[in-house]
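# A closer look at the structure
Chain by chain, the residues run as shown.
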Amino acid sequence: MSEVGSKPQNKVTETDAHLLICLAAQLALEDCLVQMQEGNDPNLRPEATWFMKIAWNLALESTDNSLEMQKLFLFCCKKGLLRQCLDHVEACRALRKRIDESVTLLAMYEFEAKAHLGDNNLSECLDMVEAMPHTDPNTFETLAALAVESPVYHRDLGMRSLRIAIKKRLAMDVIDFTKLSKAFHSLVDLALNNGSSSDAESKEEALTIYQDICDIIENRAKGCYPELQILWLMTKAWNCGIHLFSSSKQEAGEKWCAVALKLLHHLPTFKCNYQEKVATIAKTLKDTLSEVSSYLEKIKASPFPTEAYS
């Protein structure tokens, strides 16, 4: 405290000013390094370097204060090492990414070779790729194409690969519905090609896939599902239903036609082109089935002759 009657000391001494500058440089440098680590601003590195030079020069000037000089030297060395550490971390991440890409590429080559050689362990190769971290949907879509590439045809592995790709696309923060629809297109195509067109049981798997697609279109796509893909799905479902109807599989045929009509409502542009035509065909089909059903009932009700004709 100052003596009574004396003036207060407002003037900051040179040593105090020096210490304040040191502290300011240290705090500013620490803040820059923290922000660099968080990736907030890529232009902070030159600024951090400038503050480090200031701290270093202040250390050289601190000849009268050995403790302060020691702190500043240690501070500069420590921050320099931390900067090098961050650089090495980034380099390791870049290297790891290149290694992951190379390993994935090698696995795809292995899958293709085994597929064409008819290797029985092809499914294990797919398991290995699926277990890899950070594999993207494109990888599995490529594997699906390789699995069914002529002359080989590993339908089950192709469908499994596509299911993995679809699952990964649906798990993304922002779903690319164009790419998702193409994966579903390939999956539906493989599913519908199983069995004959008149075999209702062989189409059950495809029907389940259609139900999943309809759910995505109605609840997640919000109008972003490509209309041409919906049109293709509708046409395939309708034709499948007609084939089943013509094979006397009425119940299965009705299911498929119902799916087609459901998809028809999600065609903003082409709906008017198909709605009237589909409604006419559906009515004709319903009337025909009703007539056939009535005819069958009459046959059942008619008494069958018990005596042989003379």
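This one's a predicted model, so the numbers in the text were calculated from it and none came from an experiment.

## Some thoughts on the overall build of the chain
When helices and strands are counted, the chain shows 11 helices and zero strands. The helix and strand sequence of the chain, counted from the amino end, reads α-α-α-α-α-α-α-α-α-α-α. Residues counted as buried form 33% of the 310 residues belonging to the chain. Long-range contacts, defined here as pairs at least 24 residues apart, represent 61% of the contacts in the chain between residues at least 6 apart. Total accessible area on the chain stands at roughly 20300 Å², and carbon and sulfur atoms take up 56% of it.

## A few points about the nonpolar core
Residues Phe184, Tyr210, Tyr225, Trp256 and Leu263 are the most contacted members of the largest nonpolar core, which totals 44 residues. When contributions to this core are tallied by element, the ones reaching two or more residues are α6 (155-170), α7 (177-192), α8 (204-221), α9 (227-246) and α10 (250-264). Here this core gets 10 residues from one element, more than from any other, and that element is α9. Sequence-distant contacts of Tyr225, that is, excluding residues within four places in its chain, are made with Phe177, Ser181, Phe184, Ile213, Ile217, Ile230 and Leu233. Residues Phe111, Leu122, Leu146 and Leu157 belong to the second largest nonpolar core, which totals 16 residues.

## Observations regarding unusual backbone geometry
Cis geometry marks the peptide bond from Ser150 to Pro151; its omega dihedral reads 10°. Within the secondary structure, Pro151 is located in the loop between α5 (137-147) and α6.

## Details of helix α4 (residues 122-131)
Of the positions making up α4, those classed as buried are Leu122, Cys125, Leu126 and Val129. One side of α4 carries all its buried residues, which in axial view fall inside an arc of 100°.

## Overview of the confidence of the model for the chain
Within the chain, residue pLDDT values average 78, and 63% of them lie at 70 or more. Counted against residues more than four places away or in other chains, residues 1-13, with its pLDDT under 50, gives one contact. Low confidence marks residues 304-310, where pLDDT is under 50. Its contacts with residues over four positions away, or in another chain, come to zero contacts.

## Thoughts on a nonpolar patch on the surface
On the surface, a nonpolar cluster with roughly 230 Å² of combined accessible area is contributed by Leu95, Ile99 and Val103. One can find Val103 in helix α3 (residues 66-117). The exposure class assigned to Val103 is partly exposed, which follows from its relative accessible area of 38%.

## What about the pattern of salt bridges?
Under the definition given, this model contains 10 salt bridges. Between Arg96 and Asp100 there is a salt bridge, and its shortest N-O distance comes to 3.2 Å. Of this pair, Arg96 and Asp100 are both found in helix α3, four residues apart, which corresponds to roughly one turn of the helix. On the basis of relative accessibility, which here comes to 46%, the residue Arg96 falls in the partly exposed class. Here Arg163 makes a salt bridge to Glu205, at a shortest N to O gap of 3.1 Å. Of the two residues, Arg163 sits in helix α6 while Glu205 sits in helix α8, which places them 42 residues apart along the sequence.

## Quick word on the packing of α7 against α9
Following both chains from N to C, one finds α7 and α9 inclined at 15°, their axes separated by 10 Å at the closest point. When the interaxial angle is binned, α7 and α9 end up roughly parallel. By crossing handedness, the relation of α7 to α9 is classed as left-handed. Contact residues: α7 offers Ser181, Lys182, His185, Val188, Asp189 and Leu192, while α9 offers Gln229, Trp232, Leu233, Lys236 and Cys240. Counted by class, the contact of α7 with α9 contains five nonpolar, three polar and three charged residues.

## What about the side chain of Gln229?
Checked against the element boundaries, Gln229 lands in helix α9. Take Gln229: its relative accessible area is 16%, and that puts it in the buried class. Beyond its immediate stretch of four places on either side in the chain, Gln229 contacts Ser181, Lys182 and His185.

## Concerning the environment of Asp119
Relative to the helices and strands, Asp119 resides in the loop between α3 and α4. Take Asp119: its relative accessible area is 28%, and that puts it in the partly exposed class.

## As for the packing of α4 against α6
Contact geometry of α4 with α6 gives a least axis separation of 11 Å together with a crossing angle of 10°. Taken together, the axis directions place α4 and α6 in an arrangement best described as roughly parallel. Residues Leu122, Ser123, Leu126, Asp127 and Glu130 of α4 pack against Leu157, Arg160, Ser161 and Ile164 of α6. Of the residues in the contact of α4 with α6, the class split is four nonpolar, two polar and three charged.

## Re α10
Given a rise of 1.5 Å per residue, 15 residues ought to cover 21 Å, and the 21 Å separating the end C-alpha atoms of α10 matches this to within 8%. Among the residues making up α10, those that are buried are Ala252, Gly253, Trp256, Cys257, Val259, Ala260, Leu263 and Leu264. Considered in projection along α10, the buried side chains sweep an arc of 150° and stay on one side of the axis.

What counts and what doesn't
Residues numbered from 1 in each chain as written. Predicted model: local features only at pLDDT ≥ 70, side-chain atom pairs only at ≥ 80, totals over all residues. Heavy atoms only, no water. Helix = DSSP H or I, 4+ residues; strand = E, 2+ residues; numbered from the N terminus. Buried < 20%, exposed > 50% of the residue type's maximum accessible area, 1.4 Å probe, protein only. Contact = heavy atoms within 4.5 Å. Areas by Shrake-Rupley, 256 points an atom, 1.4 Å probe, with all protein chains shown as cover. Core = buried A, V, L, I, M, F, W, Y, C linked by side-chain atoms within 4.5 Å. Arc of directions from axis to C-beta. pLDDT = per-residue confidence, 0-100. Patch = residues over 30% accessible without salt bridge, like charges linked within 9 Å, V, L, I, M, F, W, Y side chains within 5 Å. Salt bridge = Lys/Arg side-chain N within 4 Å of Asp/Glu carboxyl O. Axes fitted to C-alpha atoms, helices over the stretch in contact; angles between N-to-C directions. Parallel < 35°, antiparallel > 145°, perpendicular 65-115°, else oblique. Left-handed = near helix turned anticlockwise from the far one by under 90°. Nonpolar A, V, L, I, M, F, W, Y, C, P; charged D, E, K, R; others polar. Expected span 1.5 Å × (residues − 1).

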